2 protein chains.
Amino acid sequence: MKRIILGVDPGFTATGFSILRLEKGQTTLLAFGALPLSSSLPMEARLALFYTFFNEKIATFSVTEVALETPFMGKNAQNFLKLGYLRGILLLLSHQHGCVVREFTPRQVKLAVTGFGGAEKDQVMRTVLRLFPRLGVPNRYDITDAIAVSLCALWDQSALYKSFL
Amino acid sequence: MKRIILGVDPGFTATGFSILRLEKGQTTLLAFGALPLSSSLPMEARLALFYTFFNEKIATFSVTEVALETPFMGKNAQNFLKLGYLRGILLLLSHQHGCVVREFTPRQVKLAVTGFGGAEKDQVMRTVLRLFPRLGVPNRYDITDAIAVSLCALWDQSALYKSFL
């Protein structure tokens, strides 16, 4: 069975993403990067950019699973609402492309990647960079967090056919 | 100038909507109703239903403006995030169809409809039902709130070409 996992760390400053393929026991990081959404654009235009970008990525790489981290509210409720805009669009796209959606808590992601659920963000980044040393993943939490959540989905097969949302 | 305003009161139990037309000084309530989203469906499927429903409404009625109320967080942060899913999809659709998005605070809506910004929900409903007596609008806040926000947009032309989001 071939699995293509899109991991996303959504955010308005920049959304990190990672696309992992598992085929015949071989794992390959097909793509990774970040999509910035200029705050000078109206919200509707930013969301349309986001939709178009991930619509294209999911189609091009024939993504089968979309992996996200469970969000927790920070200090700003309006930011939490706006994070909902991005997540809503990702869930819509997942349905439109028939992808399985999988959600993991930050603790599950840290545990999967570092072996310790209470790991610091930096330790997650170092582990990810060690796993993919040749790719020269930039020193950015948004990208390494997206890779981490896609790895967590790759390794956790328990919930493959369930949606947690 | 012809204006077709879609007012929406998004929610997962049911989303109220209202479509108003202003043409040659005549205001007509073209459509109103509620879209329930069954909680037995996965979130992705509910969002896809929501997208398809409003995509069709906006196209069929050639909507030019989408009117929403500024949301405030209640007791449950996760519900606020999920409200973001629905709003994100409405903003995406607005951009895809070239509609102007307009947002009003609950106070602005109440003031526009009842003449008093601190009005109770019930007073808003009674005013809306009095304005459209022949339509037999059901006794439901989701629908009367959607009609109220579309009326607020109709009467407030100050921000017609601005997006507040």
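Heads up: these notes are all about the structure in this document.

Parameters at a glance
Residues numbered from 1 in each chain as written. Chains lettered and ligands numbered in written order. Predicted model: local features only at pLDDT ≥ 70, side-chain atom pairs only at ≥ 80, totals over all residues. Core = buried A, V, L, I, M, F, W, Y, C linked by C-beta atoms within 7 Å. Buried ≥ 20, exposed ≤ 12 C-beta atoms within 10 Å, placed from the backbone. Contact = placed C-beta atoms within 7 Å. Nonpolar A, V, L, I, M, F, W, Y, C, P; charged D, E, K, R; others polar. Pairing = 2+ DSSP bridges. Helix = DSSP H or I, 4+ residues; strand = E, 2+ residues; numbered from the N terminus. Axes fitted to C-alpha atoms, helices over the stretch in contact; angles between N-to-C directions. Least-squares fit on C-alpha atoms with pLDDT ≥ 70 in both.

## Some details on the nonpolar core
Residues Ile89 and Cys152 of chain A together with Ile89 and Cys152 of chain B are the most contacted members of the largest nonpolar core, which totals 92 residues. Ignoring anything within four residues of it in the chain, the contact list for Cys152 of chain A reads Ala67, Phe104, Gln108, Val109, Ala112 and Val113 of chain A.

## Quick notes on the interface of chain A and chain B
In this complex, chain A contributes 28 residues to the contact, which on the side of chain B involves 28 residues. Each residue belonging to the side of chain A that touches chain B can be placed in one class, and the counts come to 19 nonpolar, six polar and three charged.

## Some words on the sheet that holds strand 2 (residues 14-23) of chain A
Residues and elements named next belong to chain A. Here we have five strands laid out as an open sheet, ordered 3-2-1-4-5, and mixed in their pairing. The outermost strands of the open sheet, each flanked by one partner alone, are strand 3 (26-36) and strand 5 (100-104). Pairwise comparison of adjacent strand axes, ignoring direction, gives a mean angle of 20 degrees for this sheet. Where strand 1 (residues 3-9) lies against strand 4 (residues 65-69), four bridges are found, and the strand directions are parallel. Paired with Val8 across the strands is Leu68, a residue of strand 4. Packed onto the sheet, helix 1 (residues 43-60) meets strand 1, strand 2 and strand 3 and runs at close to 10 degrees relative to strand 2.

## Notes on the relation of the copies chain A and chain B
Rotating chain A by 180 degrees about the axis while translating it 0.0 Å along that axis superimposes it on chain B, leaving an RMSD of 0.0 Å. Here the copies are linked by what is in effect a two-fold axis. The position closest to the rotation axis in chain A is occupied by the C-alpha of Gly84 of chain A, lying 2.1 Å away. Interface overlap between copies: 100% of the residues of chain A at the interface are likewise at the interface in chain B, consistent with a symmetric, same-surface contact.

## Quick look at unusual backbone geometry
All names here are of chain A. The backbone phi angle of Lys24 is positive, close to 50 degrees, even though this residue is not glycine. Relative to the helices and strands, Lys24 resides in the loop between strand 2 and strand 3. According to the C-beta neighbour criterion, Lys24 is exposed, with 6 such atoms within 10 Å. Phi at Ser62 is positive, roughly 50 degrees, even though this residue is not glycine. Its 12 C-beta neighbours within 10 Å are what place Ser62 among the exposed residues.

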